[in-house]
Amino acid sequence: MGRETGLFLDTNVLYGAFECDLFLGIAESGYLPISVHWSDFVLMELRTHLTERLKQLKPGLSSAEASMRAENRIRIMNLAFPDACTTEWRRFLRVANRFVSDPDDAPVLAGAIRASCRYLVTSNVSDFDVSGISSTFKLNVIRPGEMLCVLYSTEKEGTIRALESMMADHRRPPRTLRELVDKLNTMESLRSFSGVLESALPSDRERGGGSGYQPRDSRGRFARKIGGYGYDGDLADPDGWR
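Residues numbered from 1 in each chain as written. Predicted model: local features only at pLDDT ≥ 70, side-chain atom pairs only at ≥ 80, totals over all residues. Heavy atoms only, no water.

### Details of the packing of helix H2 (residues 17-29) against helix H4 (residues 63-80)
This is how the line gets drawn: Axis angles are defined between N-to-C directions and span 0 to 180 degrees, where every axis is a line fitted to C-alpha atoms and, for a helix, only to the segment in contact. Segments assigned H or I by DSSP are reported as helices when at least four residues long, segments assigned E as strands when at least two residues long, and all are numbered from the N terminus. By the definition adopted for this analysis, an angle is roughly parallel if under 35 degrees, roughly antiparallel if over 145, roughly perpendicular if from 65 to 115, and oblique otherwise. By definition, turning the near helix anticlockwise from the far helix through less than a right angle yields a left-handed crossing, and turning it clockwise yields a right-handed one. Note on contacts: a residue pair qualifies if any of its non-hydrogen atoms lie within 4.5 Å across the two residues.
Across the interface, H2 lies against H4 with an axial gap of 12 Å and an inter-helix angle of 15°. With respect to H4, the axis of H2 lies roughly parallel. Two packed elements cross with a definite hand, and for H2 against H4 that hand is left-handed. Within the contact between the two elements, H2 uses Ala17, Cys20, Leu24 and Glu28 and H4 uses Arg73, Met77 and Ala80.

As structure tokens, then:
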């Protein structure tokens, strides 16, 4: 894959706890030359949707408590990736409007353009003029599962090690590559990667339930947050993992 590749993550990718943990965990592992990005607009949307979802999941939770828990997820994300958030995207908003069918998606595209990312990862690909965006901005609009397929095809061993690293601190499945394949297969946005990973499952990695090494982050540190980015926490299982 060469030099570091930027992935701009849409709100719908960061919203689901498992999907969020998957992409941020892979990026944090340091095994792939990728960086993740979002914008203050994406975080504003994320904060709103997480707060509302928490109130639905926990009826006794006050609006203030729900907002605080949603804010904590965002705080952890920003602490782990201090350079991920871009705020100077508004000057690209007018041109971005020409390439989206829904004006609400224009700020997302503007953020990806401003961050000079190679990929915009979103579940709503149909809302974007994929061909026009690619030819104009050299930016590929791609679904989450397809993004994982690209990473795997270009950095097979690095992708597997990154996935194992991401699962190392899970307190519940998926904790092995086999369990991960089963989980991916239940999710429409990630199912395309399930078959790719399953076809190349190294049996020796599965034999002991994992590789047995302690993963480092991108700075070579062993310390990792417990439970990932919300996967084992208050925001687990929103909308059946979407």
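### Let's talk about the pattern of salt bridges
How we decide: When a carboxyl oxygen of Asp or Glu is within 4 Å of a side-chain nitrogen of Lys or Arg, the pair counts as a salt bridge.
In this structure the tally under the stated criterion is 6 salt bridges. Residue Glu88 is joined to Arg114 by a salt bridge in which the shortest nitrogen-to-oxygen separation is 3.2 Å. With Glu88 in the loop between strand E3 (85-86) and helix H5 (93-96) and Arg114 in helix H6 (residues 106-114), the pair connects residues that are 26 residues apart, well separated along the chain.

### Re the sheet that holds E3
For the record, the criterion: A pair of strands is labelled paired if DSSP reports no fewer than 2 bridges between them.
An order of E3-E2-E1-E4-E5 is seen for the 5 strands of this open sheet, with the pairing classed as parallel. The open sheet has two edge strands with one neighbour each: E3 and strand E5 (140-142). Contacts from helix H3 (residues 40-57) reach strand E1 (5-9), strand E2 (34-39) and E3 within the one sheet, and its direction differs from that of E2 by about 70°.

### Some remarks on the side chain of Thr159
With respect to the secondary-structure elements, Thr159 resides in helix H9 (residues 156-167). Filtering out sequence-adjacent residues up to four positions away, Thr159 remains in contact with Leu32, Leu151, Tyr152 and Phe193.

### Remarks on the nonpolar core
When a protein is soluble and globular, its nonpolar side chains tend to lie buried together. Worth spelling out the cut-off: Nonpolar cores are built from buried Ala, Val, Leu, Ile, Met, Phe, Trp, Tyr and Cys residues. Side-chain atoms within 4.5 Å join them into one set. For the exposure calls, accessible area comes from a 1.4 Å probe over protein chains only, and a residue counts as buried if that area is under 20% of its type's maximum, exposed if over 50%, partly exposed in between.
Trp38 and Leu109 are the most contacted members of the largest nonpolar core, which has 69 residues in total. Ranked by the residues each element gives to this core, the list is headed by H2, at 7 residues. The residues contacting Leu109, other than those within four sequence positions of it, are Ala96, Phe99, Val100, Leu120, Phe128, Ile133 and Leu139.

### A word on the pairing of E1
Among the 5 residues of E1, 5 are classified as buried, and the element is accordingly described as predominantly covered. Burial along E1 is two-sided: Thr5, Leu7 and Leu9 and Gly6 and Phe8, pointing in opposite directions, are all buried. The pairing of E1 with E2 spans 4 bridges and is classified as parallel. Bridging across to E2, Leu7 finds its partner in Val36.

### Digging into the packing of aromatic side chains
Operational definition: Whether two aromatic rings pair depends on their centres lying within 6.5 Å, for rings of Phe, Tyr and Trp, where Trp uses its six-membered ring; planes under 30 degrees apart make the pair stacked, over 60 edge-to-face, and the rest tilted. A ring is considered to have a charge above it if a Lys NZ or an Arg CZ atom is located within 6 Å of its centre and within 35 degrees of its normal.
Applying the stated criterion to the full structure yields 4 aromatic pairs. For the ring pair Trp38 and Phe81, a centre distance of 6.1 Å and an interplane angle of 85° mean the geometry is edge-to-face. Residue Trp38 is located in strand E2, and its partner Phe81 is located in the loop between H4 and E3; the two are separated by 43 residues in the primary sequence. We classify Phe81 as buried; its relative accessible area is 12%. Relative to Phe137, the ring of Phe99 has its centre 5.3 Å away and its plane inclined at 75°; by these criteria the two rings are edge-to-face. With Phe99 in the loop between H5 and H6 and Phe137 in helix H7 (residues 130-137), this residue pair connects regions lying 38 residues apart in the sequence. When the ring centre of Phe18 is taken as reference, the NZ or CZ atom of Lys183 above it lies at 5.8 Å.

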